[in-house]
Amino acid sequence: ERLEAFGWSVKRVNGNKHGEILGAIVPELHQPGKPIAIVADTIKGKGVSFMEGNAKWHYRKLKLNEYEIAVEELTSARNA
């Protein structure tokens, strides 16, 4: 609402869905003559069981075994 109040053309999307992001960047969907803002709502760590919604992953790095689990979970989800 604040961006719109300042004259922006705003699209709000699910930032965890690439298709929604790609769909929002099409200039024809926005109001001519206005700057474009895309607000992407996301879930931290989406798709990794021990990371999803956990704020500590903004500053903590993965240990090797955690990395391996995360890659396996993301790969499995992509191939499902």
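Each remark here, short or long, concerns the structure printed above.
Residues numbered from 1 in each chain as written. Predicted model: local features only at pLDDT ≥ 70, side-chain atom pairs only at ≥ 80, totals over all residues. Heavy atoms only, no water.

Engineer: Looking at this structure, I do not really get the overall build of the protein chain. What am I missing?
Structural biologist: On a plain count of helices and strands, the protein chain comes out with three helices and two strands. Going from the N terminus to the C terminus, the protein chain shows its helices and strands as α-β-α-β-α. Expected size for 80 residues packed as a compact globule is a radius of gyration near 12 Å; at 17 Å, the protein chain overshoots this value by more than 25%. Counting only C-alpha atoms, the protein chain reaches 50 × 30 × 15 Å along its principal axes. Sorting the 80 residues of the protein chain into buried and exposed places 14% on the buried side. Accessible surface, the protein chain: about 6,300 Å² in total, of which carbon and sulfur atoms supply 56%. Between the mean site of the 12 positive side-chain charges and the mean site of the 10 negative ones, the protein chain shows a separation of 5 Å. (Helix = DSSP H or I, 4+ residues; strand = E, 2+ residues; numbered from the N terminus. Rg over C-alpha atoms; globule rule 2.2 N^0.38 Å. Buried < 20%, exposed > 50% of the residue type's maximum accessible area, 1.4 Å probe, protein only. Areas by Shrake-Rupley, 256 points an atom, 1.4 Å probe, with all protein chains shown as cover. Lys, Arg positive; Asp, Glu negative; His and termini not counted. Charge placed at Lys NZ, Arg CZ, Asp CG, Glu CD.)

Engineer: Is there a simple way to explain the pairing of strand 1 (residues 9-14) in this structure?
Structural biologist: Looking down a regular strand, the side chains alternate between one sheet face and the other. Pairing analysis gives six bridges linking strand 1 to strand 2 (residues 36-41), with the strands arranged parallel. Counterpart to Lys-11 in the pairing with strand 2 is Ile-38. Running through helix 2 (residues 18-24), the crossover from strand 1 to the neighbouring parallel element strand 2 is right-handed. (Pairing = 2+ DSSP bridges. Right-handed = clockwise from strand over helix to strand, strands pointing away.)

Engineer: Honestly, the packing of aromatic side chains in this entry has me stumped. Any pointers?
Structural biologist: Each aromatic ring pair is summarised here by two numbers: the centre-to-centre distance and the angle between the ring planes. Tallied over the entire structure, the rule returns one aromatic pair. Measuring from ring centre to ring centre gives 5.7 Å for Phe-50 and Trp-57, while their planes differ by 65°; the resulting arrangement is edge-to-face. Phe-50 sits in the partly exposed class, given a relative accessible area of 26%. Exposure remark for Trp-57: the relative accessible area of 14% places this residue in the buried category. (Phe/Tyr/Trp six-rings, centres within 6.5 Å; stacked < 30°, edge-to-face > 60°.)

Engineer: Help me understand the side chain of Ser-9 in this model?
Structural biologist: Secondary-structure assignment places Ser-9 in strand 1. With sequence-adjacent residues up to four places away left out, Ser-9 is seen in contact with His-30, Gln-31, Lys-34, Pro-35, Ile-36 and Ala-37. (Contact = heavy atoms within 4.5 Å.)

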